[in-house]
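Below are the chains, spelled out letter by letter.
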Amino acid sequence: MADYNKTILVTGGAGYIGTHTVLQLLECGYRVVVVDNLDNSSPVALDRVKSLAGKRAHNLSFHEIDLRDKPALENIFSSTSFDAVIHFAGLKAVGESVEKPLLYFDNNLVGTIILLEVMAAHGCKKLVFSSSATVYGWPKEVPCTEEFPTCAMNPYGRTKLFIEEICRDIYRADSEWKIILLRYFNPVGAHPSGQIGEDPRGIPNNLMPFVQQVAVGRRPALTVFGTDYSTNDGTGVRDYIHVVDLADGHIAALNKLGEPSIGCEVYNLGTGKGTSVLEMVTAFEKSSGKKIPLNIAGRRPGDAEIVYASTEKAERELNWKAKYGIEEMCRDQWNWASQNPHGYGSPDKPLKD
Ligand code: UD1
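The following paragraphs examine the structure supplied in this document. (Residues numbered from 1 in each chain as written. Predicted model: local features only at pLDDT ≥ 70, side-chain atom pairs only at ≥ 80, totals over all residues. Heavy atoms only, no water.)

## Brief notes about the packing of helix H7 (residues 207–215) against helix H11 (residues 326–339)
(1) Moving on: Running from amino to carboxyl end, H7 crosses H11 at an angle of 50°, the nearest separation of the two axes being 10 Å. Here H7 lies oblique to H11, going by the angle between them. Where H7 crosses over H11, the handedness of that crossing is right-handed. Of the residues in H11, those touching H7 at Met 208, Pro 209, Gln 212 and Ala 215 are Cys 330, Gln 333, Trp 334, Trp 336 and Ala 337.
(2) Moving on: When grouped by side-chain class, the residues that make up the contact of H7 with H11 number seven nonpolar, two polar and no charged. (Axes fitted to C-alpha atoms, helices over the stretch in contact; angles between N-to-C directions. Helix = DSSP H or I, 4+ residues; strand = E, 2+ residues; numbered from the N terminus. Parallel < 35°, antiparallel > 145°, perpendicular 65-115°, else oblique. Left-handed = near helix turned anticlockwise from the far one by under 90°. Contact = heavy atoms within 4.5 Å. Nonpolar A, V, L, I, M, F, W, Y, C, P; charged D, E, K, R; others polar.)

Below, the structure written as structure tokens:
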């Protein structure tokens with residue numbers, strides 16, 4: 001599996017999915033250059049990745065830059081020849097995107113356009129992009145296949161859709177491009193070492209980071225958004241996927257980019273299984289031995305009822321399939337949370353919160 005000759009640029013490589021992917025790239029023998037503006041991430045995360053990577057740590061370098069800083073990005077492409085780019089960098093808080101749409105369009109769209117321009121100028125035309133199941137909106141049926149109609153429920157989702165379209169257009173204009181759009185379902189869990197994991201800034205928007213903060217005593221209770229959905233227990237159903245499986249999906253995508261003429265293709269990365277909010281909470285309570293107090297509230301605006309992936313296309317064409325189940329996701333999430341109750345910060349000197 002080792003690929004000593006290949007160098008991959010990873011944007012947003014200090015973030016949650018980024019760090020897990022960078023570690024797997026290093027373990028597979030890739031050289032990795034991370035660019036990240038550290039807007040929503042910590043440099044400590046990359047130090048941890050280095051210590052986990054052991055003797056491969058020297059294959060990782062980091063530049064604190066914003067993708068919108070074109071001269072800085074140009075510099076990096078001038079000094080290194082990249083085989084491919086994995087593009088994670090972007091803002092992802094739905095509520096914030098509704099309040100500050102221009103911030104999202106500037107950061108996510110302008111950042112991506114500059115990245116694509118610099119890649120094209122340097123002849124690097126292989127890209128893996130982090131898209132999201134958010135583009136399925138409230139699907140009419142499940143499982144969601146890649147052919148389903150797409151829509152945007154908010155400015156954040158619109159940036160994902162726009163970038164998908166931009167990628168299709170640049171491929172239509174220049175068939176040398178090879179692009180894989182990965183639609184992530186709900187990434188949870190952490191590396192089994194407990195050394196890297198999700199550490200959101202401020203009040204978590206997503207279910208499992210919130211549950212984890214309740215478990216370590218940082219928040220009193222989880223608010224359950226809606227118990228009147230047409231699901232077994234009335235709570236929303238999602239396709240939770242272990243972040244290590246998700247990271248593995250990126251290695252599979254890079255392998256796919258090595259094939260001739262793949263064009264611009266989209267793949268779901270999910271498990272194909274739906275789990276409700278209450279099932280997730282129960283599984284976490286079992287793994288952690290902690291009781292999660294609940295407040296029952298109304299539906300969160302913009303939330304869908306049931307979303308889970310069809311995994312067939314990724315299995316068939318990427319030769320990739322998620323290995324881990326809910327139990328492992330909760331076990332590893334708790335392992336990370338219990339070892340790092342304040343994420344990458346400390347109670348006296350929180351990096352975030
Ligand atoms: C959310 C975003 C989606 C984004 C994804 C990844 C919304 C409407 N959707 O997806 O656009 O791509 O995160 O960042 O924000 N829940 C609670 N209490 C909480 C948090 C969540 O009950 O405190 C429930 C939700 O109602 C949902 C489930 O848990 O049923 C999962 O929520 P979440 O983790 O936020 O993921 P998504 O809503 O699927």
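That was the structure; now back to the text.
## What to know about the nonpolar core
(1) Moving on: Judged by nonpolar contacts, the single largest core of 46 residues is most densely connected at Val 10, Leu 25, Val 32, Leu 182 and Leu 254.
(2) Moving on: For this core, the element with the highest residue contribution is helix H8 (residues 243–257), accounting for eight residues.
(3) Moving on: Residue contacts for Leu 254: discarding those within four places in its chain leaves Ile 8, Leu 25, Tyr 30, Ala 84, Ile 86 and Val 128.
(4) Moving on: Counting 27 residues, the second-largest nonpolar core is a separate cluster that includes Phe 82, Leu 109, Leu 127 and Cys 167. (Core = buried A, V, L, I, M, F, W, Y, C linked by side-chain atoms within 4.5 Å. Buried < 20%, exposed > 50% of the residue type's maximum accessible area, 1.4 Å probe, protein only.)

## Some words on helix H3 (residues 70–79)
(1) Moving on: Every buried residue of H3 is listed here: Ala 72, Leu 73, Ile 76 and Phe 77. Along the long axis of H3, the arc covered by the buried residues comes to 135°, so they all point the same way. In H3, the exposed positions angled more than 90 degrees off the buried face are occupied by Pro 71, Asn 75, Ser 78 and Ser 79. (Arc of directions from axis to C-beta.)

## Considering the packing of helix H1 (residues 16–27) against helix H2 (residues 43–53)
(1) Moving on: With their axes 10 Å apart at the nearest point, H1 and H2 run at an angle of 25° to one another. By the angle between their directions, the pair H1 and H2 is classed as roughly parallel. Handedness of the crossing formed by H1 with H2: right-handed. Facing Thr 19, Val 22, Leu 23 and Leu 26 of H1, the residues of H2 in contact are Ala 45, Leu 46, Val 49, Leu 52 and Ala 53.
(2) Moving on: Tallied by class, residues from the contact of H1 with H2 come to eight nonpolar, one polar and no charged.

## Remarks on the packing of aromatic side chains
Aromatic rings in a pair are described by how distant their centres are and how their planes are angled relative to each other.
(1) Moving on: Counted by the stated rule, this structure contains seven aromatic pairs.
(2) Moving on: Plain terms: the ring middles of Phe 77 and Phe 82 are 5.0 Å apart, the flat faces sit at 70° to each other, and that makes the pair edge-to-face. One exposure class covers both Phe 77 and Phe 82, and it is buried.
(3) Moving on: With a centroid separation of 6.3 Å and an interplanar angle of 35°, the aromatic rings of Phe 105 and Phe 162 are classed as tilted. Taken together, the residues Phe 105 in helix H5 (residues 101–121) and Phe 162 in helix H6 (residues 155–173) connect sequence positions 57 residues apart.
(4) Moving on: Among the aromatic side chains, those forming a connected cluster through ring pairs are Tyr 136, Phe 148 and Phe 185.
(5) Moving on: Here the basic side chain of Arg 219 rests over the ring of Phe 210, its NZ or CZ set 6.0 Å away from the ring centre.
(6) Moving on: Geometry around Tyr 267 places Lys 313 over its ring, the cationic atom sitting 4.7 Å from the centre. (Phe/Tyr/Trp six-rings, centres within 6.5 Å; stacked < 30°, edge-to-face > 60°. Lys NZ or Arg CZ within 6 Å of the ring centre and 35° of its normal.)

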